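Per-entry structural report
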Amino acid sequence: MERKRNIPIPLNSNSELEAICARSNILLLGVTGGIASGKTTVADMLKEMGAVVIDFDILAREVVELGKPAWKEIVDYFGRQVLHDNEILDRKKLSRSVFQDTEKRERLESFTHPRISEEFVKKVAEIANKDPDAIIQAIIPLLFEVNLQGLVHRTLVVHIPRDKQIERLIERDGISMEEAVNILDAQLPIDEKAGYADYVIYNENSLDATRKQVEELWQILSELQRQGSN
Ligand code: ATP
């Protein structure tokens, strides 16, 4: 496990979140990485050690549920062709229609991102009410791309080398080498992400080797939380 910085970063994007942190002693860790780099694997280990999970992929699905404000805005802008017959959003169709169209993508994000942040803050408040000393891990695949560093106290990148990432992606999703390369080329390179993170866990070796690093990280986080240096 690589530890790069020990300077507390102030939460800077949300006054409600700042207020929750001011009246509790929670510690917020943002977990990110590349596709199939092992975010879920590491998050499951942290969960076993005691960290509470908030998954942004789940929040992103919840905010576009049938009839929710973001669902309405999406239908107004994109039309009913992005809906299934039962009116539920067809997320694959929507992704295709914003793919390589920056203006459409930005409109879509303007509907969903504020709601995702709102839901995140609500969940943090609920957790902090139950346990003011919670260590919360937010799994945020696009943490750096969307600039969400201000929502968390610390960031972790789960890293594997690009060739290993391609190998695991092909094995897990049963896709071709070409498809895997295309997916990776559309993402911020994992080495660049690692450069932005406070902590990096290297997940290219055995699960045992990863677990050792996660244990080390858990000690550091627990100490930070105890010191209240968030
Ligand atoms: P996604 O970006 O798709 O959400 P992820 O970053 O959460 O993926 P995981 O699902 O945790 O990645 O891991 C990707 C695949 O690699 C899974 O099939 C997982 O079982 C496998 N894997 C993860 N870590 C290891 C490891 N250390 N050794 C071998 N296989 C691993």
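Attention in this report is confined to the structure presented alongside it. Bear in mind that the values here come from a model prediction, so they are computed numbers and not experimental data.

1. Thoughts on the nonpolar core
Ranked by internal contacts, the top residues of the largest apolar core, which has 42 residues, are Ile-26, Leu-28, Phe-56, Ile-74, Phe-120 and Val-124. Elements with a contribution of two residues or more to this core: α1 (15-23), α3 (56-62), α4 (69-78), α5 (91-98), α6 (102-130) and β4 (135-139). In terms of residue count, the dominant contributor to this core is α6 (9 residues). Aside from chain neighbours lying at most four places away, what touches Phe-120 is Leu-17, Leu-28, Ile-54, Phe-56, Leu-59, Ala-138 and Leu-151. Core analysis: the second largest hydrophobic core is formed by 19 residues, Met-1, Val-158, Trp-218 and Leu-224 among them.

2. Concerning unusual backbone geometry
The phi torsion of most residues other than glycine is negative, and most of the peptide bonds are trans. One non-glycine residue, Glu-87, lies in positive phi territory at about 80°. For Glu-87, a relative accessible area of 30% corresponds to the partly exposed category. Positive phi, close to 65°, is recorded for Asn-147, a residue that is not glycine.

3. Regarding the side chain of Thr-155
Mapped onto the secondary structure, Thr-155 falls in strand β5 (residues 154-159). Assessed through its relative accessible area of 4%, Thr-155 is described here as buried.

4. Observations regarding the packing of helix α2 (residues 39-49) against helix α10 (residues 207-227)
Packed helices, taken two at a time, are described by the angle between their axes plus the distance between the axes. At a minimum axis separation of 10 Å, α2 and α10 run at an interaxial angle of 50°. Taken together, α2 and α10 sit at an angle that is classed as oblique. Of the two possible hands of crossing, α2 and α10 adopt the one that is right-handed. On the side of α2, the interface is formed by Thr-41, Val-42, Met-45, Leu-46, Glu-48 and Met-49, while α10 contributes Leu-207, Thr-210, Arg-211, Val-214, Glu-215, Leu-217, Trp-218 and Leu-221. Among the residues forming the contact of α2 with α10, the class breakdown is 9 nonpolar, 2 polar and 3 charged.

5. Quick word on the packing of α5 against α6
Taken N-terminus to C-terminus, the directions of α5 and α6 make an angle of 135°; their axes are 8 Å apart at the nearest point. Between α5 and α6, the crossing angle belongs to the class labelled oblique. Only Lys-104, Arg-105 and Leu-108 of α6 make contact with α5, whose side of the interface consists of Leu-94, Ser-97 and Val-98. Each residue belonging to the contact of α5 with α6 can be placed in one class, and the counts come to 3 nonpolar, 1 polar and 2 charged.

6. Description of the sheet that holds β5
Whether parallel or antiparallel, the strands of a sheet pair through hydrogen bonds between backbone atoms. Taken in spatial order, the 6 strands make up an open sheet running β1-β6-β5-β2-β4-β3, and their pairing is mixed. On the outer flanks of this sheet lie β1 (2-3) and β3 (52-55), each paired with one strand and no other. Contacting β2 (27-33), β3, β4, β5 and β6 (199-202), α2 crosses the sheet at an angle of about 165° to β4. In this fold α6 packs onto β2, β3 and β4, with an angle of close to 165° to the strand it touches most, β3.

7. Regarding the site of the ligand
In the vicinity of the ligand lie 14 residues, with Lys-39, Thr-40, Thr-41, Arg-172 and Asn-205 positioned nearest. One of the backbone N or O atoms of Ser-37 is found 3.2 Å from an oxygen atom in the ligand. At 2.6 Å, a side-chain N or O of Thr-41 approaches an oxygen atom of the ligand. Calculation on the ligand without its partners gives an accessible area of 630 Å², and the protein chains cover 70% of this total.

8. A look at α4
What α4 keeps buried is the set Ala-70, Trp-71, Ile-74, Val-75 and Phe-78. Projected down its long axis, α4 carries its buried residues within an arc of 135°, all on one side. Along its buried surface, α4 packs onto α5 and α6. Within two residues after α4, Gly-79 carries a phi angle of roughly 90°, on the positive side.

The rules we used
- Residues numbered from 1 in each chain as written.
- Predicted model: local features only at pLDDT ≥ 70, side-chain atom pairs only at ≥ 80, totals over all residues.
- Heavy atoms only, no water.
- Core = buried A, V, L, I, M, F, W, Y, C linked by side-chain atoms within 4.5 Å.
- Buried < 20%, exposed > 50% of the residue type's maximum accessible area, 1.4 Å probe, protein only.
- Helix = DSSP H or I, 4+ residues; strand = E, 2+ residues; numbered from the N terminus.
- Contact = heavy atoms within 4.5 Å.
- Axes fitted to C-alpha atoms, helices over the stretch in contact; angles between N-to-C directions.
- Parallel < 35°, antiparallel > 145°, perpendicular 65-115°, else oblique.
- Left-handed = near helix turned anticlockwise from the far one by under 90°.
- Nonpolar A, V, L, I, M, F, W, Y, C, P; charged D, E, K, R; others polar.
- Pairing = 2+ DSSP bridges.
- Near = heavy atom within 4 Å.
- Polar contact = N/O pair within 3.5 Å; in protein donor to acceptor, adjacent residues only side chain to side chain.
- Areas by Shrake-Rupley, 256 points an atom, 1.4 Å probe, with all protein chains shown as cover.
- Arc of directions from axis to C-beta.

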